[in-house]
Amino acid sequence: MAWRGSTTVSDRLFACLPYLLPLIGALAFGISLFTEFPALAVLFLPLQPVLTIYGILGPYGELIIFFLLFFLVVRNERIAHFIRFNTMQALLLDIVAYLCGILLGLVALPGIAFAAQTLSTTIFLGIVAAVVYSVVQSLMGRYAEIPAISDAVYMQVR
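Residues numbered from 1 in each chain as written. Predicted model: local features only at pLDDT ≥ 70, side-chain atom pairs only at ≥ 80, totals over all residues. Heavy atoms only, no water.

Position of serine 134 among the secondary structure elements: in helix H8 (residues 113-139). Sequence-distant contacts of serine 134, that is, excluding residues within four places in its chain, are made with Tyr19, Gln89, Ala144 and Ile146. (Helix = DSSP H or I, 4+ residues; strand = E, 2+ residues; numbered from the N terminus. Contact = heavy atoms within 4.5 Å.)

Right, let's get into the nonpolar core. In a soluble, globular protein the nonpolar side chains are often hidden away together inside. Ranked by size, the top nonpolar core spans 40 residues in total, and within it Phe29, Phe44, Met88, Leu91, Leu93, Phe124 and Val153 carry the most contacts. Counting residues per element, the ones that place at least two in this core are helix H2 (20-26), helix H3 (31-36), helix H6 (61-74), helix H7 (81-107), H8 and helix H9 (149-156). Ranked by residues supplied to this core, first place goes to H7 with ten residues. Beyond its immediate stretch of four places on either side in the chain, methionine 88 contacts Phe70, Val74, Val153, Gln156 and Val157. (Core = buried A, V, L, I, M, F, W, Y, C linked by side-chain atoms within 4.5 Å. Buried < 20%, exposed > 50% of the residue type's maximum accessible area, 1.4 Å probe, protein only.)

So, about H8. With 27 residues, H8 should cover 39 Å at 1.5 Å per step; its first-to-last C-alpha distance of 39 Å lies within 8% of that length. Every buried residue of H8 is accounted for by Ala116, Ser120, Thr121, Ile123, Phe124, Ile127, Val128, Ala130, Val131, Ser134, Gln137 and Ser138. In this fold, the buried residues of H8 make contact with helix H1 (9-16), H2, H3 and H7. Within two residues after H8, glycine 141 carries a phi angle of roughly 85°, on the positive side. (Expected span 1.5 Å × (residues − 1).)

The structure is reproduced here in structure tokens:
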């Protein structure tokens, strides 16, 4: 854990917001899980306003928000390191979810639907677990250390 001073309550809250991006990116992987367990979908209902904003922005809304966060937050050294670190980590988690979607699309064949569904559910649960862990750590004022991803974040955020 790299400690760069104390964090304020507002820093902690702002550091949690970017984690909405990978969480929304992972929702597509959880569709089969939501059909099996409809009560689980209720936990994600608070994301509906954010999904509405994405719908308004069109098909490139997520990409626009991604680049806005990268250039306006991660590269802005006037913003606290804690916020920039968490923003970059959220962006990398979103990239992981996107790449998993591409790989799942390449691997998914008609005869192995069960395997694709299992892999999709695993990806969903992994991204959700990483987001929950990161948000809890951020709210406590700590840097969330996710193997490999946090190392890449430290290389990007000075």
